[in-house]
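Tertiary structure, described
Spelled out from the first residue to the last, the chains are:
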Amino acid sequence: MRVAFVGKGGSGKTTLSALFSRHLARSGAPVVAIDGDINQHLAYALGLDEDEPFAAPPLSARTGEIKDHLRGTNPRIASRDSMVKTTPPGRGSRLLRLLGDDEIHAHHVQEVGGVALMVTGAFGESDLGVACYHSKLGAVELYLNHLVDGPGEYVVVDMTAGADAFASGLFTRFDMTFLVVEPTRKSVSVYRQYRDHAAEFGVPVAVVGNKVTGEDDLAFLREHVGEDLVAHCEQSSFVRAHEQGRYAGELESHNTRTLDRLRATVDARPKDWTAFQRHAVEFHLRNATAWANKATGQDLAAQVDPDFRHGPAALAAFA
């Protein structure tokens, strides 16, 4: 199952992404965490020392090689230059197993705090005025488009802050999106933006309250979020100690139960490969019309394989 954590900047989505990823990994579940935020902090939230660089290359540094690997023998994709971030898989495409024996996982995964982590890559000075951060996220979208994750397997993505996460089709690549909401009016306003965008495409969104200090905060969230609120985290001395470089103790029992509820919420979602591929094709055609046909000099609608059916059967067929 694919899980995204989104929310207003400073809401705690990176912290919750890290806590949830570690919670899954400690249970023995296969999990890959991906830092898809413009501020690349997930590795440090997972426990990497602030003075230690993340050693594995970012996904955005090898987008061309990733495209070559994923297009496989698909006759509809002539070259890496004609493959854009929304290009959906088809017959002949190389599909991925979570943490499988492939060059993407081999090159880009580094274990941090017991979690297999990949990073998108920072937005550097050379990108200023030239590219938007969504160009960095293209490799993540291609990875998720070609991944066949099985029951009890998880991908956890820390997304960009604010409603900017809905600026591309990437938001349709998840089985569940957790919106981290603080008990403030500004955070609730971001929730409403997310809710309305997600509802347009039938994308499930659930709210995790964060930094709750008492019944007044909880009542505020219930009033403004309603049934979308599935769980909440209380102010955590464990998290604060971790942020200060002190790693003693365990996460508070209430917050641990919250992580259990988040997992149960994810596990209760049915896997809908048909909808997943339909959204992939829809956004690819949108991008083709908006910019990609002009950029590549090709009609990228021809990349859509109408007879391709995503999911475990397609993975078995390719193997």
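As the structure is a computational prediction, the values presented were derived from the model and not from experiment.

**Looking at the nonpolar core**
Counting 45 residues, the largest nonpolar core has Ile34, Tyr143 and Leu179 as its most contacted members. For this core, the element with the highest residue contribution is helix 6 (residues 185-201), accounting for 6 residues. If we ignore the near neighbours within four places in the chain, the residues touching Tyr143 are Val32, Ile34, Leu70, Leu96, Leu98, Ile104, His105 and Met118.

**Considerations on the pairing of strand 2 (residues 31-35)**
In terms of burial, strand 2 is a largely internal element, 5 of the 5 residues being buried. Both strand 2 and strand 7 (residues 154-158) contribute to a ladder of 5 bridges, which runs parallel. Looking at the pairing, Val32 lines up with Val155 of strand 7. Looking at chain direction, strand 2 and strand 5 (residues 115-119) are connected through 4 bridges and run parallel. In the strand pairing of strand 5, Asp35 is matched with Val119.

**Description of the sheet that holds strand 4 (residues 110-112)**
Taken in spatial order, the 8 strands make up an open sheet running 4-5-2-7-1-8-9-10, and their pairing is mixed. Every interior strand has two partners, whereas the edge strands, strand 4 and strand 10 (229-234), have only one. Direction aside, the axes of adjacent strands within the sheet are offset by 30 degrees on average. Bridging between strand 9 (residues 205-212) and strand 10 involves 4 bridges; their strand directions are parallel. The partner of Val207 across the bridge, within strand 10, is Leu229. Here helix 5 (residues 138-146) sits on the sheet in contact with strand 1 (2-7), strand 2, strand 5 and strand 7, set at roughly 155 degrees to strand 2. Running at roughly 155 degrees to strand 10, helix 9 (residues 253-267) makes contact with strand 1, strand 7, strand 8 (176-181), strand 9 and strand 10 of the sheet.

**A word on the pairing of strand 1**
Buried residues dominate strand 1, accounting for 6 of its 6 residues. Every second residue of strand 1 is oriented toward a common face, with Arg2, Ala4 and Val6 on one face and Val3, Phe5 and Gly7 on the other, all of them buried. Strand direction decides the pairing type here: strand 1 and strand 7, joined by 4 bridges, are parallel. Residue pairing in the sheet places Phe5 in a bridge with Asp158 of strand 7. Examined bridge by bridge, strand 1 and strand 8 share 5 bridges and lie parallel to one another. Of the residues in strand 8, the one forming a bridge with Val6 is Leu179.

**Some thoughts on the packing of helix 6 against helix 7 (residues 215-225)**
Contact pair helix 6 / helix 7: the axes reach a minimum separation of 11 Å and the direction vectors enclose 30 degrees. In terms of their interaxial angle, helix 6 and helix 7 are classed as roughly parallel. In the crossing of helix 6 with helix 7, the sense of the turn from one axis to the other is right-handed. Along its contact with helix 6, which presents Arg185, Val188, Tyr191 and Arg192, the element helix 7 presents Phe220, His224 and Val225. Residue classes in the contact of helix 6 with helix 7 are distributed as 4 nonpolar, 1 polar and 2 charged.

**Focus: unusual backbone geometry**
The residue Leu99 is not glycine, and still its phi comes out positive at about 55 degrees. Along the chain, Leu99 turns up in the loop between strand 3 (96-97) and helix 4 (103-108). In the Ramachandran plot, Lys211 falls in the positive-phi region, its phi being about 60 degrees despite a non-glycine side chain. Relative to the elements of secondary structure, Lys211 occurs in strand 9. Using a relative accessible area of 30% as the deciding quantity, one classes Lys211 as partly exposed.

**Here we look at helix 9**
Spanning 15 residues, helix 9 covers 21 Å between terminal C-alpha atoms, matching the ideal 21 Å at 1.5 Å per step. Of all the residues in helix 9, the buried ones are His254, Asn255, Thr258, Leu259, Leu262 and Val266. For helix 9, the angular spread of the buried residues around the axis is 145 degrees, confining them to a single face. Elements in contact with the buried residues of helix 9: strand 1, helix 1 (13-26), strand 7, strand 8, strand 9 and strand 10.

**Thoughts on the confidence of the model for the protein**
With 93% of its residues at a pLDDT of 70 or more, the protein shows a mean pLDDT of 91. Every residue in residues 128-132 is under pLDDT 50, and counting partners more than four places away or in other chains gives 3 contacts.

**Comments concerning the packing of helix 3 (residues 63-71) against helix 5**
Packed helices, taken two at a time, are described by their axes: the angle between them and the distance between them. The interhelical angle for the contact between helix 3 and helix 5, taken along N-to-C directions, is 20 degrees, at an axis separation of 10 Å. Here helix 5 runs roughly parallel to helix 3, going by the angle between their axes. Viewed along their axes, helix 3 and helix 5 form a crossing whose handedness is left-handed. Between helix 3 and helix 5, the residues in contact are Thr63, Ile66, Lys67 and Leu70 and Ala139, Leu142, Tyr143 and His146, respectively. Here the residues of the contact of helix 3 with helix 5 sort into 5 nonpolar, 2 polar and 1 charged.

Rules used throughout
- Residues numbered from 1 in each chain as written.
- Predicted model: local features only at pLDDT ≥ 70, side-chain atom pairs only at ≥ 80, totals over all residues.
- Heavy atoms only, no water.
- Core = buried A, V, L, I, M, F, W, Y, C linked by side-chain atoms within 4.5 Å.
- Buried < 20%, exposed > 50% of the residue type's maximum accessible area, 1.4 Å probe, protein only.
- Helix = DSSP H or I, 4+ residues; strand = E, 2+ residues; numbered from the N terminus.
- Contact = heavy atoms within 4.5 Å.
- Pairing = 2+ DSSP bridges.
- Axes fitted to C-alpha atoms, helices over the stretch in contact; angles between N-to-C directions.
- Parallel < 35°, antiparallel > 145°, perpendicular 65-115°, else oblique.
- Left-handed = near helix turned anticlockwise from the far one by under 90°.
- Nonpolar A, V, L, I, M, F, W, Y, C, P; charged D, E, K, R; others polar.
- Expected span 1.5 Å × (residues − 1).
- Arc of directions from axis to C-beta.
- pLDDT = per-residue confidence, 0-100.

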